[in-house]
Amino acid sequence: MIMKKSVLFLRPYYGFNIHSDAHGELGMLDVSHNIYPDLTLLTAATVFSKDEKYKVRVIDAIIENAMLPDELLKQLENEAYDVVILKTTGQTVHSDLKLLEAIRGLMPEADIKICGLAAKILKKWLIANAPYINEAIEEPVDEYAMKYVGGKQRGFSELPMPDYTLVEYKNYRDEVKGVRLTLAGSRGCPMSCLYCPYKLYYAGYELRSTDHIIENIKKLVGLGADEIQFRDQYFSADRNKTKKLLEGIIEQGIKTRIVVETRLESLDEEMLQLMKEAGVGMICFGVESADTGLLSDYNSVKGEIKRVKELVDRAHLLGIDTMAFYMIGFPEETWDMARSTYELAEYLDTTYVHFNEYEHCRFDIGNTEYTPDLFQPFRNTAAIDYPSVLNVDEREYLAHIFELSYTMRTSYENSYRCMYRAFNDNRKAMERLSPLASDLDRLSEGVRELRKGGRVDP
Ligand code: SF4
């Protein structure tokens, strides 16, 4: 009989909703209660679980009753693993390191690994300063898993479908739409925008076969997903393949609501019609800035605004929602440039918008030894000093106020409830909990106190 190695995949929870496979897998704190899976981590666990040499446990703490780190450590006192793989993010790395140090105390012999883009950025520091960690994984952990288990390097296109039954997947929910599961038909992007964190993490651009994607969609529908979200960075980068996929979904009579992210300018009326028939309910796309000169300085090529507006209107006529992403606070951006971006958002009139603060992604990975202080606990922006017209408070203010104002166009109440209240609750939690990020007992207690005071954390 084979003695199986036990492997723990871990995504901890510290009172904040972290979308850990977003933003190039550097993570994104989300003030909503929409819980996303970490597709890469789950796929890595699937790779191990398919090999008879391994016994796999996945703890995704947010969907296990929002389990706090002290509760998690208590539980781990009674369990032992040969391998522990933790997914870290920029927002949680301080707490994650403390957690791994504590797990090392519980499991002195375990092979402890940390993954995610933050682990790649901090690798030099981790090797020199975190003796409780055996390995900082540089590549996406699912591709690493294929190498670890199969013994040779294989890319994204050979990954298995994620096995959602490894976790309580029905807790991955969109507050309005219900159970939302994710999949990836491609990884990476053929474009080269200089502000893109995905370019730091994914090597090149790879596609899955159409048959594989359709089987994956069927599997997710069979699990009871109310909505299926493609995590592809550029869903329609290959027009012919995208057409084939949409036609395949239609021919096979698959009925579900699909969300995709793409460059809107890569679509046309024919593609939008096909998307509608295939069940695409929302298209997300990046606009970033109204200033085309600024965008071209960042190697970002956008379509003509008049055409983008036509496509937005066409999508709405077909009953497809749109969500546009904007970025506020490029280093060169002035107040007036930011205002033009807001005016552009009003002109495009998408169903939803998201104004992100500009994130400086020019990390000198491999050469500079970054310390964890590069990241601010439970905040989306790294602590990098660079010349910028708008300072960090000004950027945060504008991104917040733009999103409030945009939501207010249709509903003052939604603007207050969804944006203002959620944002302020989050800010209070952040101010209270950030100083405790490296003290897991006090952090856990702090989250519980906030709950007692009325905070509904995700
Ligand atoms: S188009 Fe989007 S995913 Fe592609 S490089 Fe630009 S920002 Fe990144």
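Please refer to the structure placed before this passage.
Computed from a predicted structure; not experimentally measured. (Residues numbered from 1 in each chain as written. Predicted model: local features only at pLDDT ≥ 70, side-chain atom pairs only at ≥ 80, totals over all residues.)

1. Comments concerning the pairing of strand β5 (residues 83-87)
Formally: Backbone-placed C-beta atoms define the burial measure: a residue is buried with 20 or more other C-beta atoms within 10 Å of its own, exposed with 12 or fewer, and partly exposed in between. Helix and strand assignments follow DSSP, with helices taken as H or I runs no shorter than four residues and strands as E runs no shorter than two, numbered in order from the N terminus. Note on pairing: two strands pair once DSSP finds at least 2 bridges between them. We call a crossover right-handed when, viewed with both strands directed away from the observer, the connection leading from the first strand over the helix to the second proceeds clockwise.
Counting buried positions along β5 gives 5 out of 5 residues, so the element sits mostly inside the fold. Residues V83, I85 and K87 line one face of β5 and the alternating positions V84 and L86 line the opposite face, and both faces are buried. Where strand β1 (residues 5-11) and β5 come together, 4 bridges link them in parallel fashion. Following the sheet pairing, L8 is matched in β5 by V84. Where β5 lies against strand β6 (residues 111-115), 5 bridges are found, and the strand directions are parallel. Residue pairing in the sheet places V83 in a bridge with D111 of β6. For the crossover from β5 across helix α3 (residues 93-106) to β6, the handedness is right-handed.

2. Some details on the pairing of strand β13 (residues 257-262)
Of the pairings in the sheet, the one linking strand β12 (residues 227-230) to β13 comprises 3 bridges and is parallel in character. Its bridge partner lying in β13, Q229 is registered against V259. The parallel pair β12 and β13, bridged by helix α8 (residues 239-251), forms a crossover whose chirality is right-handed. Sheet topology places β13 next to strand β14 (residues 280-288); 5 bridges connect them, and they run parallel. Bridge pairing links I258 to V280 in β14.

3. Let's talk about the site of the ligand
What counts is decided by this rule: For each residue, a C-beta atom is positioned from the backbone; the residue is called near a molecule or strand if that atom sits within 6 Å of it. Amino acid classes used here: Ala, Val, Leu, Ile, Met, Phe, Trp, Tyr, Cys and Pro are nonpolar; Asp, Glu, Lys and Arg are charged; the rest, including Gly, are polar.
By nearness alone, every residue bordering the ligand is listed as C189, M191, S192, C193, C196, Y198, K199, Q233, Y234, R263 and G286. Considering only residue class, the shell around the ligand consists of 6 nonpolar, 3 polar and 2 charged.

4. Describing the sheet that holds β5
Overall, parallel pairing links the 5 strands, which are arranged β4-β1-β5-β6-β7 in an open sheet. Among the strands making up the open sheet, the edge pair consists of β4 (54-60) and β7 (135-136).

5. What to know about the nonpolar core
Burial of nonpolar side chains together is a common tendency in soluble globular proteins. Using the following cut-off: For this analysis, nonpolar core means a set of buried Ala, Val, Leu, Ile, Met, Phe, Trp, Tyr and Cys residues linked through C-beta atoms within 7 Å. Throughout the structure description, domain borders are defined by an automatic or database domain assignment. By the convention adopted here, residues make contact when the C-beta atoms placed from their backbones lie within 7 Å.
V7, F9, A44, V84, I85, I114 and I328 are the most contacted members of the largest nonpolar core, which has 118 residues in total. Shared between two domains, this core holds at least three residues of each, these being domain 1 (5-158) and domain 2 (176-409). Non-local contacts of F9, meaning those with residues more than four positions away in its chain, are made with L41, A44, A45, V56, V58 and I85.

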